[in-house]
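# Examination of the molecular architecture
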Amino acid sequence: MQLLNFRKETSERSDADNWAKILLKTDTSFFYEGIEGCNQNAENQTTHLFERAQVDINFDGEKNKENVLASIISLESEDGLQRKINFANAFGLPLSYVLHNDESGYVFVLEFRDTADVEIVRAFGSYQAFGQYLAQIKGWKSTKKFREYDDLPLIDKVLRRCGTPWPTNIDCFCSDSEGNPIAIIEYQNAKAIGVLQHSNNDYFLCKQKSTINTERGSKVVYHDDIRRWTSQEILRVQSGLPLVVITWSQKEPNFQLKEVEKITFPDFEMENQVGRWKRMSQYKEDLHRFSLDPTGTDFQVICNRRSLSFAKEANMIKEKKHKAPLTLRDKTFPHIYWKRKAIVSDSKDSLGSLFLRWYSGD
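Anyway, here's the lowdown on the structure attached to this text. (Residues numbered from 1 in each chain as written. Predicted model: local features only at pLDDT ≥ 70, side-chain atom pairs only at ≥ 80, totals over all residues. Heavy atoms only, no water.)

## With respect to the overall build of the protein
For the record, the criterion: Each helix is a run of DSSP H or I of at least 4 residues and each strand a run of E of at least 2, with the numbering of both proceeding from the N terminus. Radius of gyration: over C-alpha atoms. The globule rule applied is 2.2 Å multiplied by the number of residues raised to the 0.38 power. Buried residues are those whose accessible area, probed at 1.4 Å on protein chains only, stays under 20% of the maximum for their type, while exposed residues exceed 50% and partly exposed ones sit between those limits. Whether two residues are in contact is decided by their heavy atoms, any of which lying within 4.5 Å being enough. Note on areas: Shrake-Rupley, 1.4 Å probe, and residue coverage restricted to the protein chains presented here. For this count, His and the chain ends are skipped, Lys and Arg are scored as positive, and Asp and Glu as negative. All charge positions are set by atom: Lys at NZ, Arg at CZ, Asp at CG, Glu at CD.
Along its length, the protein carries ten helices and 16 strands. Relative to the globule expectation of 21 Å for 362 residues, the C-alpha radius of gyration of the protein, 22 Å, shows essentially globular dimensions. Projecting the C-alpha coordinates of the protein onto the three principal axes gives extents of approximately 75 × 55 × 45 Å. Going through the 362 residues of the protein one by one, you find that 50% of them count as buried. Put simply, 67% of the contacts in the protein that link residues at least 6 apart link residues at least 24 apart. Put simply, the protein shows about 18000 Å² of open surface, and 47% of that area lies on carbon and sulfur atoms. One way to put it: in the protein the 50 positive side-chain charges average out to a point 8 Å from where the 51 negative ones average out.

This is how it looks when you write it as structure tokens:
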């Protein structure tokens, strides 16, 4: 069996309008790349960082590891592949590389620890079987429905139908001239509310809510970013890399550049099965009231609750529980805490120089 005609394929939508990402690439000497898939399990541990490519298969050909290695290097470039390996190493992981073939459904999972060698560590006879593997390493299987797009790659369509979607990507990481990772970057488009008015903590603390109709009547839904920020904080803590947030909009020359110091999350005590959904809903309602009007009374209600944060111990991510009273001083109050923050209006061309000053190491 010979693998040939390696080519990139992605489920991500185009970010061609992201002027912030474009300016960083043109105005600094750093390298900016993404990771196609990042798996985090039920124990809050990043377990795999995936790249992928579709391949053709010649079943009459001979397997040749050197040809596979050369094909991946040709696809990624040797320096680019090494930067992704270095990024994975920050998590104590190899870089996993998935090769898949639509006609047969075959999937091969390879591992890189350097650019000189690669090993096939898993092989699957169908996309469905590969999806079961993804569910296994994640620790659960999704029951929600996923949006279908006609232009999605076939593997993504099959995995979504099976409830085992391809893991979420890492939008961007930044490497220095030596190929060493120096930051994880999260881009946020503020076109709905405006860059200068945008607050991450508003969304984090359930400021938005709506009412939907269900078979059991109307239901209040709180719109929060808690799950997304949980994933980002795990990346920051596990890798030890700075987590940088860049807020931008296609229609504005304004931006926000922020670095996370720590994120403290509301503790919904989900391990306690009795009344957990009601308990979570009430906590979110308290957060919602506080975000709308952070008065002393609403603030104190949350201070009397519980929170949690993450720490790295023996190369594992551990939850740290915080009991009342929660305080902003001790950073135990649910909040995204910033190490540094810049809000810049009418000067988008200064983004690159500001980022360079923050992370050049000079």
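The structure having been displayed, the exposition proceeds.
## As for the packing of aromatic side chains
Cut-off, in case you're wondering: Here a pair means two rings of Phe, Tyr or Trp (six-membered ring of Trp) with centres within 6.5 Å. Their orientation is stacked below 30 degrees between planes, edge-to-face above 60, and tilted elsewhere. Note on criteria: charge over ring means Lys NZ or Arg CZ within 6 Å of the ring centre, with the direction from the centre no more than 35 degrees off the ring normal.
Tallied over the full model, the rule gives 21 aromatic pairs. An angle of 25 degrees between the planes, with centres 4.8 Å apart, marks the rings of F299 and F333 as stacked. With F299 in helix α9 (residues 296–303) and F333 in the loop between β15 (316–322) and β16 (335–344), the pair connects residues that are 34 residues apart, well separated along the chain. A relative accessible area of 22% means that F299 is categorised as partly exposed. With a relative accessible area of 1%, F333 lands in the buried category. Counting every residue linked through ring pairs, the aromatic cluster contains F30, Y32, F355, W358 and Y359. Geometry around W229 places R228 over its ring, the cationic atom sitting 5.2 Å from the centre.

## A closer look at the packing of helix α2 (residues 65–76) against helix α3 (residues 78–89)
Condition: Axis angles are defined between N-to-C directions and span 0 to 180 degrees, where every axis is a line fitted to C-alpha atoms and, for a helix, only to the segment in contact. Angle categories: roughly parallel below 35 degrees, roughly antiparallel above 145, roughly perpendicular from 65 to 115, and oblique for all the rest. Classes in brief: Ala, Val, Leu, Ile, Met, Phe, Trp, Tyr, Cys and Pro nonpolar; Asp, Glu, Lys and Arg charged; the others, Gly included, polar.
The N-to-C vectors of α2 and α3 enclose an angle of 95 degrees; their axes lie 6 Å apart at closest approach. The orientation of α2 with respect to α3, classified from their angle, is roughly perpendicular. Mapping the contact onto sequence places I72, I73 and E76 in α2 and E78, G80, L81 and K84 in α3. A class-by-class count of the residues in the contact of α2 with α3 yields three nonpolar, one polar and three charged.

## Let's talk about the environment of G194
Along the polypeptide, G194 turns up in the loop between β9 (181–189) and α6 (200–204). Residue class for G194 comes out buried when judged on its relative accessible area of 6%.

## A look at the side chain of N101
Rules: In protein, a polar contact requires one atom able to donate a hydrogen and another able to accept it; more generally it is a pair of N or O atoms within 3.5 Å, and residues adjacent in sequence count only if both atoms are side-chain atoms.
Position of N101 among the secondary structure elements: in the loop between β5 (95–100) and β6 (107–114). Here the side chain of N101 touches S104 through a polar contact of 2.8 Å, side chain to side chain. Ignoring sequence-local partners within four residues, the contact set of N101 consists of V55, D56, I57, Y106 and Y127.

## Some details on the environment of V220
Along the chain, V220 turns up in strand β11 (residues 217–223). A relative accessible area of 38% means that V220 is categorised as partly exposed.

## Considerations on the nonpolar core
We count it as follows: The criterion is simple. A nonpolar core is a set of buried Ala, Val, Leu, Ile, Met, Phe, Trp, Tyr and Cys residues joined through side-chain atoms within 4.5 Å.
In this structure, L49, F87, L99, F112 and W229 are the most contacted members of the largest nonpolar core, which totals 58 residues. Residue contributions to this core peak at five residues, all from helix α7 (residues 226–239). If sequence neighbours within four positions are ignored, F87 has contacts with I35, L49, I170, F173, P181, I184 and L241.

## Considerations on the pattern of salt bridges
This is how the line gets drawn: For salt bridges, the criterion is a side-chain nitrogen of Lys or Arg within 4 Å of an Asp or Glu carboxyl oxygen.
According to the stated counting rule, one finds 28 salt bridges in the structure shown. With its nearest N and O atoms 3.1 Å apart, the salt bridge here joins D56 to R7. Of the two residues, D56 sits in strand β4 (residues 46–58) while R7 sits in strand β1 (residues 2–7), which places them 49 residues apart along the sequence. Of the charged contacts, one joins R52 and D156 as a salt bridge, the two residues approaching to 2.5 Å between their closest N and O atoms. Of this pair, R52 sits in strand β4 while D156 sits in helix α5 (residues 154–161), and the two are 104 residues apart along the sequence. Taken individually, R52 and D156 each receive the classification buried, so the pair is uniform in this respect. A single network of salt bridges, built from pairs that share partners, joins K209, E285, D286, R289, D298 and R305.

## Quick notes on α3
Keep this limit in mind: Expected helix span is computed as 1.5 Å times (number of residues minus one).
Along its twelve residues, α3 runs 16 Å from first to last C-alpha, staying within 8% of the 16 Å computed at 1.5 Å per residue. All buried positions along α3 are accounted for by G80, L81, R83, K84, I85, N86, F87 and A88.

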